[in-house]
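Here's the letter readout for the chains.
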Amino acid sequence: MVKMTLIARVTDGLPLAEGLDDGRDLPDSDMYKQQVKSLFKNLSRGHNEASRMSVETGPYIFHYIIEGRVCYLTMCDRSYPKKLAFQYLEDLKNEFERVNGPNIETAARPYAFIKFDTFIQKTKKLYQDTRTQRNIAKLNDELYEVHQIMTRNVQEVLGVGEKLDQVSEMSSRLTSESRVYADKAKDLNRQALIRKWAPVAIVLGVVFLLFWVKNKLW
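Quick caveat: nothing in here was measured; it's all calculated off a predicted structure.

Position of Gln 35 among the secondary structure elements: in helix α1 (residues 29-44). For Gln 35, the side chain forms a polar contact with the side chain of Thr 57, separated by 2.7 Å. If we ignore the near neighbours within four places in the chain, the residues touching Gln 35 are Thr 57, Phe 62, Val 154, Gln 155 and Leu 158.

Put into structure tokens, the structure is as follows:
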């Protein structure tokens, strides 16, 4: 059964639409929605390259597809057929592109296409019962294959993103520290030059002053 549906822009992770009644009776729904936000964040940073993937999380599984820099994601029971889940997402993608395509890139606020919920709810009802003749026909459609779509664990997927963030943060910190050390090295070199040549400059200054005074007196 389809439990949750969200659509987001991949370039920045901006949520564009979702099923408004999704997750209301779902235990730990806030935790799963937070995982979805983290997934979108990872995708916006280019941490996951696959355009189609299934991600296991507890008793459920996220399925997503990326098309036209938009991610269409649904969370289903593990027992729900993978083939139906991705066909459901394909239906959402086709309609979303048809209705909102020209405005996706210019959307500036979260859930700018929240009215798309009407289509989400209508389509979700068609896919809820896997035993209908319509859905059985879709399951038997040999032209639509999902066997090659990778399945991973949510901690593995999110962990990769966290590790990459840590590496990026460490790299930035090392770069910043290197600059600090370089500046300190320049200061030390400058101070060493001053200590080395200051006495010579003082002696030359005194000699010049004495020479100038002597000329004045003469």
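Below, the discussion takes up the packing of aromatic side chains. Evaluated as defined, the whole model comprises six aromatic pairs. Ring geometry for Tyr 72 against Phe 96: centres 5.9 Å apart, planes inclined by 80°, an arrangement best described as edge-to-face. Of this pair, Tyr 72 sits in strand β5 (residues 70-77) while Phe 96 sits in helix α2 (residues 82-100), and the two are 24 residues apart along the sequence. Residue Phe 96 is classed as buried on the basis of its relative accessible area of 0%. Judged by centre distance (5.5 Å) and plane angle (90°), the rings of Phe 96 and Phe 113 are edge-to-face. With Phe 96 in helix α2 and Phe 113 in the loop between α2 and α3 (117-128), this pair connects stretches of sequence that are 17 residues apart. Just as Phe 96 is buried, Phe 113 falls in that class too. Aromatic rings pair up to connect Tyr 72, Phe 96, Phe 113, Phe 116 and Phe 119 into one cluster. In this structure, Arg 134 packs its charged tip against the face of Tyr 127, placed 4.5 Å from the ring centre.

This paragraph deals with the sheet that holds strand β6 (residues 150-153). Pairing is mixed in the open sheet, where six strands are placed in the order β2-β1-β5-β4-β3-β6. The open sheet is flanked by β2 (15-18) and β6, the only strands paired with a single partner. Across this sheet, the average inter-strand angle for adjacent strands is 20°, counted without regard to direction. Relative to β6, strand β3 (residues 52-57) is paired through four bridges, and the arrangement is parallel. Bridging across to β6, Glu 56 finds its partner in Asn 153.

Two measures define how a pair of helices packs: the angle their axes make with one another and the distance between the axes. At their nearest, the axes of α2 and α3 sit 10 Å apart, and the two run at 155° to each other. Judged by the angle between their axes, α2 and α3 are roughly antiparallel. You can see that α2 and α3 cross each other, and the crossing is right-handed. In contact with Leu 84, Gln 87, Tyr 88, Asp 91, Leu 92 and Glu 95 of α2, α3 contributes Phe 119, Ile 120, Thr 123, Lys 124 and Tyr 127. Per-class residue counts for the contact of α2 with α3 are six nonpolar, two polar and three charged.

With that out of the way, let us pick up the pairing of strand β4 (residues 60-67). Of all eight residues making up β4, seven are buried, and the element is well covered by its neighbours. As defined by bridge partners, β3 adjoins β4 across six bridges and the pair is classed as antiparallel. When the sheet's bridge partners are listed, Val 55 is paired in β4 with Phe 62. If you look at the hairpin formed by β3 and β4, you'll find two residues sitting between the two strands, and Gly 58 has a positive phi there, around 55°. Inspection of the sheet shows β4 paired to β5 by eight bridges, in the antiparallel sense. Bridge pairing in β5 places Glu 67 opposite Val 70. Hairpin connection between β4 and β5: a loop of two residues separates the two successive antiparallel strands, and Gly 68 in this loop has a positive phi of roughly 60°.

Parameters and conventions
Residues numbered from 1 in each chain as written. Predicted model: local features only at pLDDT ≥ 70, side-chain atom pairs only at ≥ 80, totals over all residues. Heavy atoms only, no water. Helix = DSSP H or I, 4+ residues; strand = E, 2+ residues; numbered from the N terminus. Polar contact = N/O pair within 3.5 Å; in protein donor to acceptor, adjacent residues only side chain to side chain. Contact = heavy atoms within 4.5 Å. Phe/Tyr/Trp six-rings, centres within 6.5 Å; stacked < 30°, edge-to-face > 60°. Buried < 20%, exposed > 50% of the residue type's maximum accessible area, 1.4 Å probe, protein only. Lys NZ or Arg CZ within 6 Å of the ring centre and 35° of its normal. Pairing = 2+ DSSP bridges. Axes fitted to C-alpha atoms, helices over the stretch in contact; angles between N-to-C directions. Parallel < 35°, antiparallel > 145°, perpendicular 65-115°, else oblique. Left-handed = near helix turned anticlockwise from the far one by under 90°. Nonpolar A, V, L, I, M, F, W, Y, C, P; charged D, E, K, R; others polar.

So, to be careful, I would describe these as geometric facts and stop short of saying anything about function.
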